[in-house]
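This is what each chain is made of:
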Amino acid sequence: MSANGSMADQLLWQGALCTGWKQEPEGAIYHLAHCFLLLGFMGGSGVYGCFYLFGFLVPGYLCCVLWGWFNACSLDVVLWSFLLATACLLQLAHLVYRLRGDTLSEQFQLLYRTLCLPLQVPLQVYKEIVHCCEEQVWTLATEQTYAVEGETPINRLSLLLSGRVRVSQDGQFLHYIFPYQFMDSPEWESLQPSEEGVFQVTLTAENACSYISWPRKRLHLLLAKERYIACIFSVLLGYDISEKLYALNEKLFAKFGLRFDIRLPSLYHVLGPAAPNTGPESEKDEEEIHEPTVFPPQARPTSDQQTPPSRPAATDPPAPPFRARMSRPDSGVLASRSPLQSYSQAMSRGQAPLAPIHTPEL
């Protein structure tokens, strides 16, 4: 301890060890090297910040090598500067390799600019979404089916990249799916993560199509882990389903000239073929609909009876006539009527018109 203490006292109190200072400044290479080092250490964080940092450190340390070789004439200065410059060059090569490995294909870049960039989704988050689908692009030939009604299980979520897909049910056309729309968003939203089901519609490629697909279980794990990604999918799926509902509504408007409420419980019964229901229950319901108003015996007017004499005003007023309550017809009864009859009956009751049930193929 005493030896260390005496050495520290000598360094602190005995003054500088330099016998003399150089009067002339160093050469231009020395000052240029430190200018590069100063600019390099002002770089920020992230990948591009590292590019900026090491991009300025490499020429700075190379200038130090030249200064140590020509001006300082010191081998240790040359060696250390050369080692530091080599380390910075290796860091730059590693960054270039990482960026080249993370480069997305042209289809995924266009998908990012179309869907995620307007929502200001960071590129790293988008890469996690793409990594979940294994960066694979699937194709469909013309008239090839993506899903068959009642047969294909709901085990994935797909997004159309190019082409056009036709959606139908029982041979009845419903709507089209265009690029950058989900192909099975209603099926995805209709099931819980632990439930299983099959498609209720048939999806057929009208021409050559390409799409990406996320496995259902793997995507559910990603959404449960990353809350931000779950919010992104919630926004995209909600917008996609609303677009499909409006497409169905526009189809009805083009046929009948009436705009209907898209919140109707079953759009398939609106657009699909209506099966005739001739059972006893439907006949009974139709009889109840067309049943005339029944009056009680004491309130029914007759021509044979004479008008009774007026009673004193103290008596109670007569009870209002009794009206039988009409039950709501089911879908089978509504399907047996034409759209104009349903519309006229609804308007006569003072209600908003419902969508027609029996709609011919458009």
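Bear in mind that the values here come from a model prediction, so they are computed numbers and not experimental data.

Quick notes on the packing of helix H6 (residues 123-132) against helix H8 (residues 216-225)
Axes are the key here: two packed helices are described by the angle between their axes and the distance separating the axes.
Phase 1: One way to put it is that H6 packs onto H8 with a least axis distance of 10 Å and a crossing angle of 155°. When the axes of H6 and H8 are compared, the pair comes out roughly antiparallel. H6 and H8 meet at a crossing whose hand is right-handed. Seen from H6, the contacting residues are Glu128, Ile129, His131 and Cys132; seen from H8, they are Arg218, Leu219 and Leu222.
Phase 2: Residue classes in the contact of H6 with H8 are distributed as 4 nonpolar, 1 polar and 2 charged.

Notes on a nonpolar patch on the surface
Phase 1: On the surface, Ile29, Leu66, Trp69 and Phe70 cluster together into a nonpolar patch covering about 440 Å² of accessible area.
Phase 2: Among the elements that make up the nonpolar patch, the one with the highest residue count is helix H3 (residues 46-72) (3 residues).
Phase 3: Note that Phe70 resides in helix H3.

As for the nonpolar core
Phase 1: Tyr126, Leu157, Phe182, Trp214, Leu219 and Phe233 are the most contacted members of the largest nonpolar core, which totals 29 residues.
Phase 2: Elements supplying a minimum of two residues to this core: helix H5 (106-116), H6, strand E3 (156-162), strand E7 (209-215), H8 and helix H9 (227-256).
Phase 3: No other element matches the 6 residues that H9 contributes to this core.
Phase 4: The next biggest cluster of nonpolar side chains, apart from the first, holds 18 residues, and it includes Leu191, Val201, Cys209 and Leu248.

A short note on the packing of aromatic side chains
Phase 1: Tallying each qualifying case throughout the model produces 9 aromatic pairs.
Phase 2: With a centroid separation of 4.9 Å and 50° between ring planes, the pair formed by Tyr112 and Tyr126 is classed as tilted. One end of the pair, Tyr112, is in helix H5; the other, Tyr126, is in helix H6, and 14 residues separate them in sequence.
Phase 3: You can call Tyr126 buried: its relative accessible area is 2%.
Phase 4: The interplanar angle of 90° and the centroid separation of 6.2 Å between the aromatic rings of Tyr146 and Phe199 together place this pair among those described as edge-to-face. Here the residue Tyr146 occupies a position in strand E2 (residues 145-147), and Phe199 occupies one in the loop between helix H7 (185-190) and strand E6 (202-205), the gap between them amounting to 53 residues.

Observations concerning helix H2 (residues 28-40)
Phase 1: For H2, with 13 residues, the first-to-last C-alpha span of 18 Å sits near the 18 Å given by 1.5 Å per residue.
Phase 2: Within H2 the residues assigned to the buried category are Ala33, Leu37 and Gly40. Projected down its long axis, H2 carries its buried residues within an arc of 65°, all on one side. Opposite the buried face of H2, at more than 90 degrees from it, the exposed residues are Ala28 and Leu38.
Phase 3: Against H3 lie the buried residues of H2.

Considerations on the sheet that holds E6
Hydrogen bonding along the main chain pairs the strands of a sheet, whether they run parallel or antiparallel.
Phase 1: Judged by pairing direction, the sheet is antiparallel, and its 4 strands sit side by side in the order E2-E6-E4-E5 without closing on themselves. Two strands in the sheet have a free side with no partner beyond their single neighbour: E2 and strand E5 (172-177). Taking the axes of each pair of neighbouring strands and ignoring which way they run, one obtains an average angle of 30° across the sheet.
Phase 2: Pairing between strand E4 (residues 165-169) and E5: 5 bridges, direction antiparallel. Bridge pairing in E5 places Gln169 opposite Gln172.

Cut-offs used in this document
Residues numbered from 1 in each chain as written. Predicted model: local features only at pLDDT ≥ 70, side-chain atom pairs only at ≥ 80, totals over all residues. Heavy atoms only, no water. Axes fitted to C-alpha atoms, helices over the stretch in contact; angles between N-to-C directions. Helix = DSSP H or I, 4+ residues; strand = E, 2+ residues; numbered from the N terminus. Parallel < 35°, antiparallel > 145°, perpendicular 65-115°, else oblique. Left-handed = near helix turned anticlockwise from the far one by under 90°. Contact = heavy atoms within 4.5 Å. Nonpolar A, V, L, I, M, F, W, Y, C, P; charged D, E, K, R; others polar. Patch = residues over 30% accessible without salt bridge, like charges linked within 9 Å, V, L, I, M, F, W, Y side chains within 5 Å. Areas by Shrake-Rupley, 256 points an atom, 1.4 Å probe, with all protein chains shown as cover. Salt bridge = Lys/Arg side-chain N within 4 Å of Asp/Glu carboxyl O. Core = buried A, V, L, I, M, F, W, Y, C linked by side-chain atoms within 4.5 Å. Buried < 20%, exposed > 50% of the residue type's maximum accessible area, 1.4 Å probe, protein only. Phe/Tyr/Trp six-rings, centres within 6.5 Å; stacked < 30°, edge-to-face > 60°. Expected span 1.5 Å × (residues − 1). Arc of directions from axis to C-beta. Pairing = 2+ DSSP bridges.

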